[in-house]
Amino acid sequence: MRPAPEMSHGPAVYLAYGVYGVVIGEDLALIDLASDAYLCLPGGGADVTEAHGVLRIHGQSATAISDAGLASTSPSTTPAKTPPPLPVRSIIHDPAPKVTLLMGLRGLAATGDVRRALRGRGLEPILSVAATSDQACDPSAVEAAARRFWALSPWLPFEGECLVRSALLVSYLRRCGLSASWVFGVRLWPFSAHCWVQVDAVCLNDDVERLAAYAPIYCR
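Residues numbered from 1 in each chain as written. Predicted model: local features only at pLDDT ≥ 70, side-chain atom pairs only at ≥ 80, totals over all residues. Heavy atoms only, no water.

**Considering the overall build of the protein**
Piece 1. Broken down by element type, the protein carries seven helices and 12 strands.
Piece 2. The globule rule puts the C-alpha radius of gyration for 220 residues at 17 Å, and the 19 Å found for the protein is close to it.
Piece 3. Based on the C-alpha atoms only, the size of the protein along its principal axes is roughly 70 × 35 × 30 Å.
Piece 4. The buried share of the protein, reckoned over its 220 residues, is 45%.
Piece 5. When the accessible surface of the protein is totalled, it reaches about 11500 Å², and 56% of it is carbon and sulfur. (Helix = DSSP H or I, 4+ residues; strand = E, 2+ residues; numbered from the N terminus. Rg over C-alpha atoms; globule rule 2.2 N^0.38 Å. Buried < 20%, exposed > 50% of the residue type's maximum accessible area, 1.4 Å probe, protein only. Areas by Shrake-Rupley, 256 points an atom, 1.4 Å probe, with all protein chains shown as cover.)

The following block contains the structure:
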């Protein structure tokens, strides 16, 4: 009789706090928020079972994750937020509203939030600019606010890649009393990481065609 995988390569493990994973084809991709690092285990998908959004990893992948310091012997007591399906529509090509003084003040405040967050290490400090779960997520209000931010963004004294652009947007939404899903995705072979902001099936800061190549791995 073939032994169970954990008998062959040690006990099964779970992902440590702040580590999230997704199976893409035959492979397992991980993100470690503390170090802002990604890891790919080719063929690791076969070593993963999932129940209620929790990944249980055995076999050689469990050994590799343990050796990297990313494993835990028990599941996290803080359940991960399930990433939403990829969006099917974007607001970035919608007509832009007129920029107002209030929009500008909120945009500058969001810029200050992100500048301070970038002084920290890893992803956790910058993720802290996002709204808390008790803030409103009315889709129509969020879309309207995102259109205002999109019109304002060329005037903000800040440039950056997707991480910074998304951080600015979620901080702006928070200052409007609103929230949205901040989604991180990965693509393998060749590897690429990306993030965007969405509400329901609507992307607030990117083209949906670009996102089709990415598998969501984490959501704030």
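**Here we look at the pairing of strand 12 (residues 215-219)**
Piece 1. Taken across its five residues, strand 12 has four buried, putting it largely inside the fold.
Piece 2. Relative to strand 12, strand 9 (residues 181-187) is paired through four bridges, and the arrangement is antiparallel. In the sheet register, Phe184 faces strand 12, and the bridge partner there is Tyr218. (Pairing = 2+ DSSP bridges.)

**Thoughts on unusual backbone geometry**
Piece 1. Between Trp189 and Pro190 the backbone carries a cis peptide bond, its omega angle lying at 0°.
Piece 2. In this fold, Pro190 is placed in the loop between strand 9 and strand 10 (192-199).
Piece 3. At His52, a residue that is not glycine, the phi angle is positive and equals roughly 55°.
Piece 4. As for its position among the elements, His52 is in the loop between strand 5 (48-51) and strand 6 (54-57).
Piece 5. Despite not being glycine, Asp200 shows a phi value in the positive range, around 55°.
Piece 6. For Asp200, the location among the structural elements is in the loop between strand 10 and strand 11 (202-203).
Piece 7. For Asp200, a relative accessible area of 55% gives the class exposed.

**A few points about the sheet that holds strand 12**
Piece 1. The strand order across the open sheet built from five strands is 8-11-10-9-12, with neighbouring strands paired in mixed fashion. If you trace the sheet from one side to the other, it starts and ends with strand 8 (89-90) and strand 12, each paired once.
Piece 2. Bridge count between strand 10 and strand 11: two bridges; the pairing is antiparallel. Along strand 11, the bridge assignment pairs Gln198 with Cys203.
Piece 3. Here helix 6 (residues 162-175) sits on the sheet in contact with strand 9 and strand 10, set at roughly 20° to strand 10. (Contact = heavy atoms within 4.5 Å. Axes fitted to C-alpha atoms, helices over the stretch in contact; angles between N-to-C directions.)

**Structural notes on the layout of surface pockets**
Piece 1. In this structure, the largest pocket encloses a volume near 560 Å³.
Piece 2. Around the largest pocket sit 27 residues that line it, and Tyr20, Gly21, Gly53, Leu55 and Ala80 are the ones nearest its centre.
Piece 3. Counting residues per element, the ones that place at least two in the lining of the largest pocket are strand 1 (13-15), strand 2 (19-24), strand 6 and strand 12.
Piece 4. Taken together, the residues that form the lining of the largest pocket break down as 18 nonpolar, seven polar and two charged. (1 Å grid on protein atoms, 1.4 Å probe; cavity = no way out; pocket = protein on both sides within 12 Å on 5 of 7 lines; lining within 4 Å. Points joined across faces, edges and corners; volume = space filled by probe spheres on them. Nonpolar A, V, L, I, M, F, W, Y, C, P; charged D, E, K, R; others polar.)

**Notes on the packing of helix 5 (residues 139-152) against helix 6**
Piece 1. Their axes nearest at 10 Å, the elements helix 5 and helix 6 cross at an angle of 125°. As the angle between them shows, helix 5 and helix 6 are arranged oblique. For the pair helix 5 and helix 6, the sense of crossing is right-handed. Where helix 5 approaches helix 6, its residues Val142, Ala145, Ala146, Arg148, Phe149 and Leu152 are matched on the opposing element by Leu168, Leu169, Tyr172 and Leu173.
Piece 2. A per-class count over the contact of helix 5 with helix 6 returns nine nonpolar, no polar and one charged. (Parallel < 35°, antiparallel > 145°, perpendicular 65-115°, else oblique. Left-handed = near helix turned anticlockwise from the far one by under 90°.)

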